[in-house]
Every structure is written in C-alpha cells, then in structure tokens.
Protein chains: 2
Amino acid sequence: MEALVALVAADMNRVNQTILSRTGSDVAMIPEVANHLISSGGKRLRPMLVLATAGMCGYQGEGHVKLAAAVEFMHTATLLHDDVVDESDMRRGKQAARKLWGNEASVLVGDFLLGQAFRMMVEVGSLSCLDVLSVAATVIAEGEVMQLAAAKDTETTEDAYLAVIRGKTAELFAAAAEVGPTVALRPKAEIAACRAYGMNLGVAFQLIDDALDYGGSAAKLGKNVGDDFREGKITLPVVLSFRRGNEAERAFWKKALEQGEIAEGDLEKAQGLMTKHRALEDTIERARHYGAMARDAMGIFPDSPWKRALLDVVDFCISRAH
Amino acid sequence: MEALVALVAADMNRVNQTILSRTGSDVAMIPEVANHLISSGGKRLRPMLVLATAGMCGYQGEGHVKLAAAVEFMHTATLLHDDVVDESDMRRGKQAARKLWGNEASVLVGDFLLGQAFRMMVEVGSLSCLDVLSVAATVIAEGEVMQLAAAKDTETTEDAYLAVIRGKTAELFAAAAEVGPTVALRPKAEIAACRAYGMNLGVAFQLIDDALDYGGSAAKLGKNVGDDFREGKITLPVVLSFRRGNEAERAFWKKALEQGEIAEGDLEKAQGLMTKHRALEDTIERARHYGAMARDAMGIFPDSPWKRALLDVVDFCISRAH
C-alpha cells in the first residue's frame, strides 16, 4: 500500500480536510458521532481508489477531492446503519456509535452523511458521477436487504453469497474506481475497466475479511475472531464447510448459526471443521481468483506509477490473510 | 384540497406509476416494505406541491413527475427511519414496518428509497433541483438529530422547537415547493417565494399535527391521541403549557415526559392543563400565523387556478384541527 499512500498523500490531505469540515454542524451530536467513526483509523481505501483512478486517467481538475470525500461519507453512513442492523457492539476496535449514542443517532447521522455526500457530488457538478454514485447507493442498500433475507440460512449457495457481497461491499469499490475515469471524461472502455477492477477487488477484499473472521487476529481487524459466527452470519467459509460436511456437521452449523445455540468450545469446533474441509484456504484461493480478474481488468492501461500502485492494492488486500 | 387534487390528477397518476415501478427490486422484501407504507393512504401532499408549483410556473417538460416521486421517496425514507428512532408501533393506522419486518428492514429499505430518489433526480438532470433536494436531505437529518438532543427536555423554548420542526418537517415542504419553479427555470424571486410558501406551510402543518395529537380523533391521524405524550415528545402544546404552568404543573410535565412515569389518567390531566392554559388554541393560532405567511409569500404570482389551489392547501392544513 505504501506506493499508493505516497502518490495520493497531497490529495488525501485535502480529502481529510473536506471530511472534517463537512461533518461540521451546529447540532453538536453530528460531528461527535461522525468523527468517532471517521477518525478511528479506517484505511480510507475507497477514497484512495477515487484519487488514484483519477490520477491514472490524467484528471487535472479539483472535483476528485470532493468525490473522494463523498465516497468515504457513503461508506461511513453504511457502517453506521450496519451497526444498527447487526446490533454490533464494536467497530474498528472501538465501541460502536450505537452503543455510545444509541441506535437513533447512528441512523440519523448516517442519513446526514449521505445527504452531505450528495451535496458534495452536486457541487462537483458531474451528472455522470452523480449517476454512478446514486446507483451505487441503491445497489448497496439492495445488497444489505438481500443479506438480511438470506441471513441464517446455512443452505445459501456460493452464488447467492457472491450476489450479496457484490452489492453490500464490492459495489462501492466499483463505483469509487469508476468515478476517476468518469470525472476525467475518459472513454467507455476505460470506465468499464476501472469499474471491473474495483468490483473484483471488492469481492476479494470481502472474502479475505470473511476468512480473517475465523482465523486472523483481533487487533488486525479491529473486531474479534468469531464475530461472524456469534452473529450467525453466513459467509463463504461457512458455505464451503456446510456443503463439504456430513449430516452431523450440517446439524452443528444449523444449530449454531440458524438457531443461535452456541456452547463453550463451538467456535473452536467450527474452526476445526473449516481446517478439515480446507474452507479458509479455499476462501483465500477464491479471493485470489477475483484479485487476478481485478489485475487483468487494468491491462488496457499503459504502465504508470498510478497503475502499479493500484495493482499493489490487490496484493495488499489478499496478503492481509497471512 | 379538491381543487389541487383535480388539477394534478393526470400528473399524479404518472407519479404513482413511477413510485410503483421504482420500488421494484428482485429482492422481494424491498417492494413489500416500501409498498406497505407507500400504499397506506398518505395524502401525497409533498409530491403535489412539486406538481402544482411546476404547473403554476408554466413548466412544460416531463421532469416534474420524477422529481415529485423523488420527494415522496425522501419522505417515505424519513418515515421508515423515524419509526426506528421513535420505536413507534403504528404508522398511518397500520402496524409500523419495523414491527412487521424489523428495524433492520426499515433502515435498509429507507436507504434504498433514498438512493432511488437521487437516481430519479439524476435522470431528470437538473443540477439546481439536485442541489435543492440534497441540501434538504442534510437539513432534515440535522433537524431529527436536533430533536433527539432536545428530546425529553421540558424547558425547550418555542424558538428551539421551531428550529427542530423547520428541519424535520418544513424543509421538505419548502424543497418540494422550490423544485417547481427551479425545474421551470424561473427567476430567483419566484423560487424564493415558493420556498417561503412551503416552509411556512410545513411549520403550520406540523403545529396542527401537534395539536391533533392531544385533541383530534385517532382515525383522522392514523395514530392515537396521546402518542406524543406517551413517547415523551416535546411539542408546542407542551412548551406552552409548561411555560404557563405553576411549579406543581411543571413537576407533572417533567415526571411524565422526562422520566416517562405516566400513570392512569395522566393523559387526561395533560389535556386538562392544556385547556386551562389555552395551549391547543394558541398552537392553532400560531399555525394560522405561519399559514398567513405562506399565503402572503405567494402574493407575487398572478391569479391562476394553480395559485388558488395552493392557497387552499393552507386552509386545508389548518382546518384539520376542527
């Protein structure tokens, strides 16, 4: 990631200033709640994708800064609403906003940030970028509802699961990467290439997250190993273990994830089944597949420091699993 | 209202078709939740304001239909999120969506509708309308957070209360009325006039709602008399009663609304105190004042059936209290 961080450093500084000034409000609770989450050390990967794809496409204007801030606000709004939906207690290693200020504040400050995101897009004045990001807002919500409907169904197929994460995670990566060439008025093929890069990167990113939840260290993720298990979330490691398991093992998954009956030692048992069926290795293998698609999508662009940095991001996302 | 309803009937038909098609999704839960609320017989006052102000301003295009649908979606999204924030059980005489599908679905379907609202605005392609409505989205959320922060504080001043309802209710009325002349590319003075009309109409509308909550019939409102009281909401009838009351009465309001200790007969006692201090009559009187401001704002427009219908709306909103 260092190459990317260095390339966008100056622009990112302006994005951070924009974020800070746009969370301002006379209603004190708004900057409090927003900054609790925004300043909690997210990687700002999504706004960096806007800046880097704009840079790679030779964009010379100023709009990318506000567009990057808008993408980060959309992401933050989603996290605030997700915490309410998932009833999460922790986020990025800190207490979730909903635990500190209540569900109400999380819902409403999320709405405020979404409104500000659209205001910034309007200020930039690119209807094509507004189109990309308003479609993304809809698709993300759709993905989340799909997840809700599929929740606690251990028979979810890998394809159904992919459809969920394409919506809830990968769409914003895709939109962020698409905004760069769009604001730079590049041809359709380049816009489609960046979008495909972002989409596949986003899928890979989420799959690695899913694997880490059963195997990584809490410090790395800012959440605890086993959160997904305790919340009954169906993720790819579970889908694979369930499908590769015997009757007794399937009964275990159903009891734990569908009925939520989790006894002492069940997380370790789940991890044991994943080892037995190579579910984590294969989840990471699947992530590598999407990572390769992300890299190949970029093939049409000539070599440049921007392009190399964007390709490095793919490796970074996948290497988190080691 | 009949004059307005008749004038916009043809356009409203298209708005309703747009609403129906835009709640469509492969994710079945989305149209279910959205239509539960949308088809529950709201008056569609806000989209009618878009259509009528566009009509009055001689708008000849097609954009007003999608803009009106977008305004209704913004309103519906707010209601869905409000129910979660207020923990309401009822909405428009039906069970609240959150009771039937859960808080999660209400939050996420609200987000979906907000996304669709922005998509429709982008399709219309007027950056000025996008500006008006994205600012409104932010201001509405700000007003709701302000209400949260002021919640259960019986010492709230009338001015502070007005600031809350300007944000949470009147801003969307103002934006809806502003969109008509904006999409019709009318001069600033006409845009400002329509905005002022909508803003003051919205304040009047909310004040009458507040009065009805202590005195109207449940059927009329689709909610029960006393909901605000039971939820500890500070509204103008309470602000006036508290400020005009003696020490013992103030202790009663604090106990009921701040501590939430409500005994049998307390609602009747609250109504009695409002009668004693003429709090409901004066709330309606205040609403008349804002209604008069709304009417006068329209003075710069020549007489027309559209203008007359818009003036009638003011009377309709206020006469609900009788």
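Quick notes on the rules
- Residues numbered from 1 in each chain as written.
- Chains lettered and ligands numbered in written order.
- Predicted model: local features only at pLDDT ≥ 70, side-chain atom pairs only at ≥ 80, totals over all residues.
- Heavy atoms only, no water.
- Helix = DSSP H or I, 4+ residues; strand = E, 2+ residues; numbered from the N terminus.
- Rg over C-alpha atoms; globule rule 2.2 N^0.38 Å.
- Buried < 20%, exposed > 50% of the residue type's maximum accessible area, 1.4 Å probe, protein only.
- Least-squares fit on C-alpha atoms with pLDDT ≥ 70 in both.
- Contact = heavy atoms within 4.5 Å.
- Phe/Tyr/Trp six-rings, centres within 6.5 Å; stacked < 30°, edge-to-face > 60°.
- Lys NZ or Arg CZ within 6 Å of the ring centre and 35° of its normal.
- Axes fitted to C-alpha atoms, helices over the stretch in contact; angles between N-to-C directions.
- Parallel < 35°, antiparallel > 145°, perpendicular 65-115°, else oblique.
- Left-handed = near helix turned anticlockwise from the far one by under 90°.
- Nonpolar A, V, L, I, M, F, W, Y, C, P; charged D, E, K, R; others polar.
- Buried area = accessible area lost by both parts, 1.4 Å probe.
- Salt bridge = Lys/Arg side-chain N within 4 Å of Asp/Glu carboxyl O.
- Polar contact = N/O pair within 3.5 Å; in protein donor to acceptor, adjacent residues only side chain to side chain.
- Core = buried A, V, L, I, M, F, W, Y, C linked by side-chain atoms within 4.5 Å.
- pLDDT = per-residue confidence, 0-100.
- Expected span 1.5 Å × (residues − 1).

**A few points about the overall build of chain A**
A count of helices and strands for chain A gives 15 helices and two strands. On C-alpha atoms alone, chain A measures out to a radius of gyration of 20 Å, which is about the 20 Å that the 2.2 N^0.38 rule sets for 322 residues. If one aligns the C-alpha atoms of chain A with their principal axes, the spans along those axes are about 60 × 50 × 30 Å. Buried residues in chain A amount to 60% of all 322 residues.

**Comments concerning the relation of the copies chain A and chain B**
Both copies of the chain are related by a screw-like operation: a rotation about an axis and a shift along it. Once chain A has been moved 0.0 Å along the axis and rotated by 180 degrees, it coincides with chain B to within an RMSD of 0.0 Å. Accordingly, the operation relating the two chain copies is best matched by a two-fold axis. A symmetric contact is evident, with 97% of the interface residues of chain A recurring at the interface of chain B.

**Looking at the side chain of Ser134(A)**
Relative to the assigned elements, Ser134(A) resides in helix 6 (residues 127-150). Residues within four places of Ser134(A) in sequence aside, it is in contact with Phe118(A), Gly115(B), Phe118(B), Arg119(B) and Val122(B).

**Quick word on the packing of aromatic side chains**
Scanning the model with the defined rule gives 11 aromatic pairs over all chains in all. Aromatic pair Phe118(A) and Phe118(B): ring centres 3.7 Å apart, planes at 10 degrees, arrangement stacked. Highlighted residues: Phe118(A) in helix 5 (residues 97-124) and Phe118(B) in helix 5 (residues 97-124), drawn from two different chains. Residue Phe118(A) is classed as buried on the basis of its relative accessible area of 1%. Judged by centre distance (6.4 Å) and plane angle (25 degrees), the rings of Phe229(A) and Phe252(A) are stacked. In this pair, Phe229(A) sits in helix 10 (residues 227-230) while Phe252(A) sits in helix 12 (residues 247-258), placing the two residues 23 residues apart along the sequence. Looking at Phe229(A), the relative accessible area reads 1%, which means it is buried. The structure contains a cluster of three or more aromatic residues connected by ring pairs, namely Tyr214(A), Phe229(A), Phe252(A) and Trp253(A). Residue placement shows Arg320(A) over the ring face of Phe205(A); its charged tip is 4.3 Å from the ring centre. The aromatic ring of Phe242(B) is capped on one face by Arg250(B), whose charged end is 5.5 Å from the ring centroid.

**Remarks on the packing of helix 4 (residues 63-86) of chain B against helix 7 (residues 158-183) of chain B**
All names here are of chain B. As a packed pair, helix 4 and helix 7 sit with axes 11 Å apart at the nearest point and diverge in direction by 165 degrees. The pairing of helix 4 with helix 7 is recorded here as roughly antiparallel in orientation. Crossing of helix 4 against helix 7: the hand is right-handed. Residue-level contacts link Leu-67, Val-71, Met-74 and His-75 of helix 4 to Leu-172, Ala-176, Val-179 and Val-183 of helix 7. Looking at side-chain class alone, the contact of helix 4 with helix 7 contains seven nonpolar, one polar and no charged residues.

**As for the environment of Gly102(B)**
When you line up the elements, Gly102(B) lands in helix 5. Between the alpha carbons of Gly102(B) and Val164(B) there is a distance of 27 Å; along the sequence they are 62 residues apart.

**Overview of the interface of chain A and chain B**
In this assembly, 36 residues from chain A lie in contact with 35 residues from chain B. Interface area, chain A with chain B, both sides summed: about 3,300 Å², of which 81% is carbon and sulfur. Counting the contacts that link chain A with chain B gives zero salt bridges. In this structure, the connection of chain A to chain B is made through eight residue pairs in polar contact (both at pLDDT 80 or more). Broken down by element, the side of chain A that touches chain B gets its largest block of residues, 14 residues, from helix 6 of chain A. Taken together, the residues of the side of chain A that touches chain B sort by class into 22 nonpolar, seven polar and seven charged.

**A short note on the nonpolar core**
Judged by nonpolar contacts, the single largest core of 226 residues is most densely connected at Tyr197(A), Trp253(A), Met74(B), Tyr197(B) and Trp253(B). Setting aside anything within four residues of it in sequence, one finds Tyr197(A) in contact with Leu49(A), Ala177(A), Ala294(A), Ala297(A), Met298(A), Leu310(A), Val313(A) and Val314(A).

**Notes on unusual backbone geometry**
You will see that Arg44(A), though not glycine, has its phi angle at about 55 degrees, which is positive. Within the secondary structure layout, Arg44(A) lies in the loop between helix 2 (29-38) and helix 3 (45-56). Phi is positive for Arg278(B), close to 55 degrees, though the residue is something other than glycine. Within the element layout of this structure, Arg278(B) appears in the loop between helix 13 (266-276) and helix 14 (279-297). Residue Arg278(B) is classed as partly exposed on the basis of its relative accessible area, which comes to 45%.

**Some thoughts on the confidence of the model for chain A**
Summing up the model confidence of chain A, the mean pLDDT is 93 and the portion of residues at 70 or higher is 98%. Here helix 9 (residues 218-221) of chain A is the element of chain A with the lowest mean pLDDT, 48, and helix 3 of chain A is the one with the highest, 98.

**Here's the deal with the pattern of salt bridges**
In the structure shown here, the tally under the stated rule is 42 salt bridges over all chains. One network of salt bridges, with partners in common, ties together Asp11(A), Arg14(A) and Glu62(A).

**Quick look at the environment of Ala52(A)**
Residue and element names in this part refer to chain A. On the secondary structure map, Ala-52 appears in helix 3. Of the residues examined, Ala-52 reaches a relative accessible area of 0% and is grouped as buried. In the structure, Ala-52 is positioned 82 residues away from Ser-134 in sequence and 21 Å away in space, judged by C-alpha atoms. Filtering out sequence-adjacent residues up to four positions away, Ala-52 remains in contact with Leu-4, Val-8, Trp-306 and Leu-310.

**A few points about helix 8 (residues 188-215) of chain A**
Taking 1.5 Å of rise per residue, 28 residues should cover 40 Å, and helix 8 of chain A covers 40 Å from first to last C-alpha, within 8% of that figure. Summarising burial for helix 8 of chain A: 22 of the 28 residues are buried, a large majority.

**Let's talk about the packing of helix 7 of chain B against helix 8 (residues 188-215) of chain B**
Residues and elements named next belong to chain B. Relative orientation of the contacting elements helix 7 and helix 8 amounts to 140 degrees, with a least axis distance of 7 Å. Here helix 8 runs oblique to helix 7, going by the angle between their axes. Considering the relative orientation of helix 7 and helix 8, their crossing is right-handed.

**Focus on helix 6 of chain A**
With 24 residues, helix 6 of chain A should reach 34 Å at 1.5 Å per residue; the first-to-last C-alpha distance of 34 Å fits that figure. Looking one or two places after helix 6 of chain A, you find Lys152(A), whose phi comes out positive at around 65 degrees.

**So, the environment of Gln206(B)**
Residue and element names in this part refer to chain B. Within the secondary structure, Gln-206 sits in helix 8. By relative accessible area, which is 9% here, Gln-206 ends up buried. Residues Gln-206 and Lys-269, spaced 63 residues apart in sequence, show a C-alpha to C-alpha distance of 23 Å.

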